[in-house]
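Okay, here's what each chain looks like letter by letter:
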Amino acid sequence: MPSVDSTIQRLRDLPRSELAEEIETIVLKKFRTVLLMDDTEDLPLDISYFDLGLTSLRLTEIRQSLEQLLDLSINVNVLFNEPTIAHLVDHLTQAIQES
């Protein structure tokens, strides 16, 4: 399994559009796992994760997992102020590009 450092470096080297796709794939996988969904189920990117049935506790688990995987600190406000997967993907894409 690649190290966090090599994964982060690979992500940083990608053009923004490809980086956003990679981040979206990672984020969707985490959300599907926590929401007990399989890969074939549709997970809307622009609906609040709370409307999808996610709790604050589960969101904290996802945040911690993504922070570890992406070697980033994710501000809690990002998760609660605009709680959609699309917004989170945009935020994470920008954070990786700036790091």
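Predicted model, so just to flag it, every value in this text is computed and none were measured.

1. Details of the overall build of the protein chain
Reasoning step 1: Along the protein chain, the regular secondary structure elements total 5 helices and 0 strands.
Reasoning step 2: Element order for the protein chain, N to C, with α for helix and β for strand: α-α-α-α-α.
Reasoning step 3: Computed over its C-alpha atoms, the radius of gyration of the protein chain comes to 13 Å, within 12% of the 13 Å expected for a compact globule of 99 residues.
Reasoning step 4: Judged by the C-alpha coordinates and their principal axes, the protein chain covers about 35 × 30 × 25 Å.
Reasoning step 5: Looking at the protein chain as a whole, 34% of its 99 residues are labelled buried.
Reasoning step 6: Put simply, of all contacts in the protein chain between residues at least 6 apart along the chain, 60% involve residues at least 24 apart.
Reasoning step 7: Summed over all atoms, the accessible surface of the protein chain reaches about 6000 Å², with 48% contributed by carbon and sulfur.
Reasoning step 8: Separation of charge centres in the protein chain, based on 8 positive and 18 negative side chains, amounts to 5 Å.

2. Examining helix α2 (residues 16-34)
Reasoning step 1: Along its 19 residues, α2 runs 27 Å from first to last C-alpha, staying within 8% of the 27 Å computed at 1.5 Å per residue.
Reasoning step 2: Among the residues trailing α2, Leu36 stands out with phi positive, at a value near 55°.

3. Concerning the pattern of salt bridges
Reasoning step 1: Across all of its chains, the model carries 3 salt bridges by this definition.
Reasoning step 2: Residue Glu61 is joined to Arg58 by a salt bridge in which the shortest nitrogen-to-oxygen separation is 2.8 Å. With a gap of 3 residues between them, Glu61 and Arg58 both fall in helix α3 (residues 56-70), about one helical turn apart.
Reasoning step 3: Between Glu67 and Arg63 there is a salt bridge, with its nearest N and O atoms 3.5 Å apart. In this pair, Glu67 and Arg63 both sit in helix α3, 4 residues apart, roughly one turn of the helix.
Reasoning step 4: The exposure class assigned to Glu67 is buried, which follows from its relative accessible area of 18%.

Cut-offs applied
Residues numbered from 1 in each chain as written. Predicted model: local features only at pLDDT ≥ 70, side-chain atom pairs only at ≥ 80, totals over all residues. Heavy atoms only, no water. Helix = DSSP H or I, 4+ residues; strand = E, 2+ residues; numbered from the N terminus. Rg over C-alpha atoms; globule rule 2.2 N^0.38 Å. Buried < 20%, exposed > 50% of the residue type's maximum accessible area, 1.4 Å probe, protein only. Contact = heavy atoms within 4.5 Å. Areas by Shrake-Rupley, 256 points an atom, 1.4 Å probe, with all protein chains shown as cover. Lys, Arg positive; Asp, Glu negative; His and termini not counted. Charge placed at Lys NZ, Arg CZ, Asp CG, Glu CD. Expected span 1.5 Å × (residues − 1). Salt bridge = Lys/Arg side-chain N within 4 Å of Asp/Glu carboxyl O.

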